[in-house]
Amino acid sequence: MILVVGANGMLGRDLMTLLCDRARGVDIDDIDITDLQSTERVLRALHPSVVVNCAAYTDVDGCEAHAERAMQVNGEGVAHLAMATREIGARLVQISTDYVFDGGKGSPYLEDDPPHPLSVYGESKLAGEMNAAFNPEHLIVRTQWLYGLHGKNFVETMLRLAEEKDELSVVDDQIGSPTWTVDLARAIVALIDKGCRGVYHAANAEFCSWNGFAKAIFEEAGLKVAVRPMTTDQLNRPARRPLYSTLDCGKLERDAGFRPQPWRDALKSYLKLRNHAG
Ligand SMILES: NC(=O)c1ccc[n+]([C@@H]2O[C@H](COP(=O)([O-])OP(=O)(O)OC[C@H]3O[C@@H](n4cnc5c(N)ncnc54)[C@H](OP(=O)(O)O)[C@@H]3O)[C@@H](O)[C@H]2O)c1
C-alpha cells in the first residue's frame, strides 16, 4: 500500500484519485510530521511499503516571516518521515521544488546541479531533501509552478481577477514551466512503479513567463483581459524567487518512460475538467 501524507492538499488529492485503491491518505488531522512520535505511530499502524510526502508549508512569502515553522515542517518533518519509513522498511518519496535553485544558470536545471536557494522556503525544502537521505530508499521529485483543482493557485487567481478587471499587470521576468498536478501525479506514479531512487525533475514540458501563462489562461478561457508586463522588483514580494528555474526532465523520461505533455496542452485539459467539475 502507498501512503500519501498531505492527502488533502492540491497535489495529494490528485495523487489519491490516480492511485485509487492502491493508496491510503492522511493529513494534519491524522498525522503531524513535525512530531516524531505522531509520525512513527501512524506509519507503524498502517505499515505502507511506500510513503509519498506531499505535506509541506507551501506559503512561500509566509515562510519568510515564519522561518522556524518552515524548517519544522519542510525540514525536520521530512527527517521524521525518513526515520519512520526506514524503521518499517518503506520507501520515502519526497516532493521538492525548483526554488532550491537560484535561477542564475540560464538553461534548464539538471538533477545534480548545485542548489542555492534564495528564500527561506527554498532553504527549508533543501533541508527536507537532505533529511530524506536518512532513509537510503528515498526518491526526491522536484517540480514547479503547480496548479490543480484542489488548492489555491495562479490559474484560479487569474480567473477570479478576470471577473473584476479587464486589465492586469503580471511579472514577465520569471521563467518556468506551469505544471498540472494531475500530470505530476502521473510522473510520481511512473517513478514509483519503476522503482526509481535518487533525485528527479518532473514538470510539464516547455516554458513561459507568469505573464505568458496569464495570457494563455485568458485565451484558452475565452476571456478578454489585457495583460501588461511588470518586473519581479516592481512586484516586491517578501521572498526572492529564481528568475529562470526551468527543470530538465530528461532523466524522468529515460528512467521511468514518462514524458510530461507541454504546459499549454495541460492547461487546456485542466480548464476542460474544471468546467465539467462546475
Ligand atoms: N504549489 C506549488 O506551486 C509547488 C511548487 C513546487 C513544489 N511544491 C511542493 O509540492 C508539494 C505539494 O504542494 P501543494 O501545493 O499540493 O501543497 P498544499 O496544497 O499546501 O498541501 C499541503 C498539505 O499538507 C498539510 N500539512 C501542512 N503541515 C503539515 C504537518 N505538519 N503534518 C501533516 N500535514 C501537514 C496541509 O494542511 P493545511 O492546509 O491544514 O496546512 C495540506 O493539506 C509540497 O511539497 C510543495 O513544497 C509545490
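Here the structure is a predicted model, which is why all the values come from computation and not from measurement.

1. As for the site of the ligand
Here's step 1: What surrounds the ligand is a group of 25 residues, the closest being Leu11, Asp27, Thr58, Tyr121 and Lys125.
Here's step 2: In the model, an oxygen atom of the ligand is placed 2.7 Å from a nitrogen or oxygen of the Tyr121 side chain.
Here's step 3: Taking Leu146, its main chain carries an N or O atom lying 3.0 Å from an oxygen atom of the ligand.
Here's step 4: If the ligand stood free it would expose 910 Å²; the protein chains cover 78% of that surface.
Here's step 5: Sorting the residues of the shell around the ligand by element identifies helix H1 (10–19), strand E4 (91–97) and helix H5 (120–132) as the ones contributing at least two each.
Here's step 6: The element contributing the most residues to the shell around the ligand is E4, with 3 residues.
Here's step 7: A per-class count over the shell around the ligand returns 13 nonpolar, 9 polar and 3 charged.

2. Quick notes on the environment of Met16
Here's step 1: With respect to the helices and strands, Met16 occurs in helix H1.
Here's step 2: Note: C-alpha distance between Met16 and Ser124 (108 residues apart in sequence) is 25 Å.

3. Section: the sheet that holds strand E5 (residues 138–143)
Here's step 1: Spatial ordering of the open sheet is given by E2-E1-E3-E4-E5-E10, a layout of 6 strands whose pairing is parallel. With partners counted over all chains shown, the strands left at the sheet margins are strand E2 (23–26) and strand E10 (198–201), one partner each. The mean angle between the axes of side-by-side strands here comes to 20 degrees, regardless of whether they run parallel or antiparallel.
Here's step 2: Inspection of the sheet shows E5 paired to E10 by 4 bridges, in the parallel sense. Among the inter-strand pairings, Ile140 is bridged to a residue of E10, identified as Val199.

4. Here we look at the packing of helix H6 (residues 154–164) against helix H8 (residues 210–221)
Here's step 1: Where H6 contacts H8, the axes come no closer than 10 Å and their chain directions differ by 60 degrees. Relative to H8, H6 is oriented oblique. The interaxial crossing formed by H6 with H8 has right-handed handedness. Note on element contacts: H8 touches H6 through Trp210, Phe213, Ala214, Ile217, Phe218 and Ala221, opposite Phe154, Val155, Met158, Leu159 and Ala162.
Here's step 2: In the contact of H6 with H8, the residues fall into 11 nonpolar, no polar and no charged.

5. So, the side chain of Arg142
Here's step 1: Along the chain, the position of Arg142 falls in strand E5.
Here's step 2: Within the local environment of Arg142, its side chain forms a polar contact with the backbone oxygen of Glu111, the two atoms lying 3.3 Å apart.
Here's step 3: Within the local environment of Arg142, its side chain forms a polar contact with the side chain of His201, the two groups lying 2.9 Å apart.
Here's step 4: Residue contacts for Arg142: discarding those within four places in its chain leaves Ser96, Thr97, Val100, Phe101, Leu110, Glu111, Glu129, Val199, Tyr200, His201, Ala202 and Leu247.

6. Digging into helix H2 (residues 36–46)
Residues spaced three or four apart along an α-helix point in a common direction, a consequence of the helix completing one turn every 3.6 residues.
Here's step 1: Listing the buried residues of H2 in full gives Ser38, Thr39, Glu40, Val42 and Leu43.
Here's step 2: In this fold, the buried residues of H2 make contact with strand E1 (2–5), E2, strand E3 (50–53) and helix H4 (67–88).
Here's step 3: By the N-cap criterion, in which a side-chain oxygen at the helix start approaches the backbone nitrogen of a residue two or three places on, H2 is capped by Asp35, the distance to Gln37 being 3.0 Å.
Here's step 4: Following H2 by one or two positions, His47 adopts a phi angle in the positive range, close to 45 degrees.

7. Quick notes on the pattern of salt bridges
Here's step 1: Overall, the coordinates contain 14 salt bridges when judged by the stated rule.
Here's step 2: The salt bridge partner of Arg44 is Glu40, with a shortest N-O separation of 3.6 Å. Taken together, the positions of Arg44 and Glu40, both in helix H2 and 4 residues apart, correspond to about one turn of that helix.
Here's step 3: Owing to a relative accessible area of 45%, Arg44 belongs among the partly exposed residues under this scheme.

Reading the values: rules and limits
Residues numbered from 1 in each chain as written. Predicted model: local features only at pLDDT ≥ 70, side-chain atom pairs only at ≥ 80, totals over all residues. Heavy atoms only, no water. Near = heavy atom within 4 Å. Polar contact = N/O pair within 3.5 Å; in protein donor to acceptor, adjacent residues only side chain to side chain. Areas by Shrake-Rupley, 256 points an atom, 1.4 Å probe, with all protein chains shown as cover. Helix = DSSP H or I, 4+ residues; strand = E, 2+ residues; numbered from the N terminus. Nonpolar A, V, L, I, M, F, W, Y, C, P; charged D, E, K, R; others polar. Pairing = 2+ DSSP bridges. Axes fitted to C-alpha atoms, helices over the stretch in contact; angles between N-to-C directions. Parallel < 35°, antiparallel > 145°, perpendicular 65-115°, else oblique. Left-handed = near helix turned anticlockwise from the far one by under 90°. Contact = heavy atoms within 4.5 Å. Buried < 20%, exposed > 50% of the residue type's maximum accessible area, 1.4 Å probe, protein only. Salt bridge = Lys/Arg side-chain N within 4 Å of Asp/Glu carboxyl O.

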